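Listed here are the chains, written in short residue letters.
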Amino acid sequence: MSGPLLKVESLVKHYPLGAGILTKNIPVVRAVEDVSFFVEAGETLCIVGESGCGKSTVARLLMRLTDPTGGRVLIDGTDIASLRKHELRAWRRRMQMVFQDPYSSLNPRLTAGQIITEPVENFERLSRKQRNALAADLLQKVGMSPEMMHRLPSELSGGQRQRLGIARALALKPSLVILDEAVSALDVSVQAQILNLLMDLQQQLGIAFVFISHDLGVVEHVGHRVAVMYLGRIVEVAPCEALFAKPVHPYTEALIAAAPVPDPTRVRLEAPVEGEVPSPVNPPGGCAFHPRCPLAVERCRVEVPPLVQIAHGRAAACHVRAPAIDIPTQPTVACDSSIASPGEANELIPALERPVIARPIT
Ligand code: SF4
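Residues numbered from 1 in each chain as written. Predicted model: local features only at pLDDT ≥ 70, side-chain atom pairs only at ≥ 80, totals over all residues. Heavy atoms only, no water.

Draft legend 1. Spotlight on the overall build of the protein. When helices and strands are tallied, the protein shows 11 helices and 12 strands. The buried share of the protein, taken over its 362 residues, is 50%. In the form shown here, the protein has an accessible surface area of approximately 17,800 Å², with 52% of it arising from carbon and sulfur atoms. (Helix = DSSP H or I, 4+ residues; strand = E, 2+ residues; numbered from the N terminus. Buried < 20%, exposed > 50% of the residue type's maximum accessible area, 1.4 Å probe, protein only. Areas by Shrake-Rupley, 256 points an atom, 1.4 Å probe, with all protein chains shown as cover.)

Structure (structure tokens):
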């Protein structure tokens, strides 16, 4: 099938705060606002941003663990956001998730082997021999001894538990795995092992990853492209190397400037972001970043900047750095156009040019 594996269109998620008869007046948490992106087969798209920016809500929406308020989530062209529960079950085979806390996401009463084979047994009956063979194969794939299939999660280390979570996610041979802060709870050395494992598995099996993290160091190593979120919206999308070399959006610039750099020769960008992230219940009007932005102009206070293409494969939402220009007549659709109308921005982002940046961490 042509087109991206995953395409997200204008995704919205609002959580009402309380309930009542006059539902119009109930305040809502605007967790995700008008989010659009795509993921190609075999690609890693990283979603980054501060706590509370909506990245984990996007992960839950992709898995349909919560229903969207609006928008579409298309897997191979099928909108899973509109499927009924029994229809969704078959699609769940295509998408799996690895959670941040490996211990709480594993059933403490099941052995490693049972944890791995449980998702498969939801779909088909397996003999004891088939179960053992599957568990042994997947444990080996994630670098664990098949003998560990008899151990309980409490008998495994943090890194082994996360490997087990990855083995469970692979059991159904998914096309897409969503990793929500999957290495954040691990020691740095174990993080490196798990990241290398993920990159190896991607090369072997051609799986696409949506990698959600607040750690830019990790993102820089594993990502092919990065989407930066701020207060529920994507503010910049770019190939990983381009984003770290030359961020466009002032918020991306500030995030990169604030990240610790383990290389004393690397010059840090001076763009510290000040102030707190505003409440998603009552976000600022216009560009939500304007109260913290050193470049804010009057227009930023009243008009939400659209995500527009600024270069080949890059888009940003900023009135100053990426101004959208109205095109009154026939819109330009050439891929290398530097001008795009707001509604077309996502369509104009050209097909993935896959940078070879996945590299082992030593
Ligand atoms: Fe700053 Fe304005 Fe750009 Fe928002 S739109 S990031 S406030 S310059």
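Draft legend 2. Region of interest: the site of the ligand. Every one of the 13 residues lining the ligand counts as a neighbour, but Cys287, Cys293, Cys300, Cys318 and His319 are closest to it. Of the residues contributing to the shell around the ligand, the split by class is 10 nonpolar, 3 polar and no charged. (Near = heavy atom within 4 Å. Nonpolar A, V, L, I, M, F, W, Y, C, P; charged D, E, K, R; others polar.)

Draft legend 3. Quick look at unusual backbone geometry. A positive phi angle is found at Arg64, which is not glycine, with a value near 60°. The backbone of Glu181 sits at a positive phi, close to 50°, despite the residue not being glycine. Note that Glu181 resides in the loop between β7 (176–180) and α6 (188–205). Overall, the relative accessible area of 8% leaves Glu181 in the buried class.

Draft legend 4. Quick look at the packing of aromatic side chains. Within this structure, the stated rule accounts for 3 aromatic pairs. Where Tyr251 meets Phe289, the ring centres are 5.3 Å apart and the plane angle is 65°; that geometry is what we call edge-to-face. Taken together, the positions of Tyr251 in helix α9 (residues 250–258) and Phe289 in the loop between α9 and α10 (298–302) put the pair 38 residues apart, joining distant regions of the chain. Accessibility assignment for this pair places Tyr251 and Phe289 in one class, buried. Ring-pair connections join several aromatic residues into one group, and the members of that group are Tyr230, Tyr251 and Phe289. (Phe/Tyr/Trp six-rings, centres within 6.5 Å; stacked < 30°, edge-to-face > 60°.)

Draft legend 5. Here's a closer look at the pattern of salt bridges. Under the counting rule described, the total for this entry stands at 15 salt bridges. In this structure, Glu9 engages Arg72 in a salt bridge whose closest nitrogen and oxygen atoms are separated by 2.9 Å. In this pair, Glu9 sits in strand β1 (residues 6–16) while Arg72 sits in strand β4 (residues 70–75), placing the two residues 63 residues apart along the sequence. By relative accessible area, Arg72 is classed as partly exposed at 38%. Among the ionic contacts, a cluster of salt bridges with common partners joins Lys7, Glu9 and Arg72. (Salt bridge = Lys/Arg side-chain N within 4 Å of Asp/Glu carboxyl O.)

Draft legend 6. Local environment of the packing of helix α5 (residues 158–170) against α6. Orientation of α5 relative to α6, taken along the N-to-C sense of each, is 20°, at an axis distance of 10 Å. Considering the angle they form, α5 stands roughly parallel to α6. Classified by chirality, the crossing of α6 by α5 is right-handed. For the pair α5 and α6, the contacting residues are Gly159, Gln162, Arg163, Ile166 and Leu170 in the first and Val190, Gln193, Ile194, Leu197, Leu198, Leu201 and Leu205 in the second. The residue makeup of the contact of α5 with α6, split by class, is 8 nonpolar, 3 polar and 1 charged. (Axes fitted to C-alpha atoms, helices over the stretch in contact; angles between N-to-C directions. Parallel < 35°, antiparallel > 145°, perpendicular 65-115°, else oblique. Left-handed = near helix turned anticlockwise from the far one by under 90°. Contact = heavy atoms within 4.5 Å.)

Draft legend 7. Broad picture of the side chain of His14. With respect to the helices and strands, His14 occurs in strand β1. A distance of 3.0 Å separates the side chain of His14 from the side chain of Glu33, its partner in a polar contact. (Polar contact = N/O pair within 3.5 Å; in protein donor to acceptor, adjacent residues only side chain to side chain.)

Draft legend 8. Local environment of the sheet that holds strand β8 (residues 208–213). The 8 strands lie next to each other as β6-β7-β8-β3-β9-β10-β12-β11, forming an open sheet whose pairing is mixed. Each edge of the open sheet is held by one strand with a lone partner, namely β6 (95–98) and β11 (308–311). Each adjacent strand pair in this sheet contributes to an overall mean axis angle of 25°, direction not counted. Pairing analysis gives 3 bridges linking β11 to strand β12 (residues 314–316), with the strands arranged antiparallel. Paired with Ala311 across the two strands is Arg314, which belongs to β12. Its contacts with the sheet place α6 against β3 (44–48), β7 and β8, and it is angled at close to 160° to β8. (Pairing = 2+ DSSP bridges.)

Draft legend 9. Representation of the sheet that holds β1 in the model. Read across the open sheet, the 4 strands follow the order β2-β1-β4-β5; overall the sheet is antiparallel. Every interior strand has two partners, whereas the edge strands, β2 (28–39) and β5 (78–79), have only one. Sheet topology note: the β1/β4 ladder contains 5 bridges and is antiparallel. Within β4, the position partnered with Lys7 by the bridge is Leu74.

Draft legend 10. Main features of the packing of helix α3 (residues 112–121) against helix α4 (residues 128–141). As a packed pair, α3 and α4 sit with axes 9 Å apart at the nearest point and diverge in direction by 115°. Classified by the angle their axes make, α3 and α4 are roughly perpendicular. Handedness of the crossing formed by α3 with α4: right-handed. Facing α3, whose interface residues are Gly113, Ile116, Thr117, Val120 and Glu121, α4 presents Arg131, Leu134, Ala135, Leu138 and Leu139. Per-class residue counts for the contact of α3 with α4 are 6 nonpolar, 2 polar and 2 charged.

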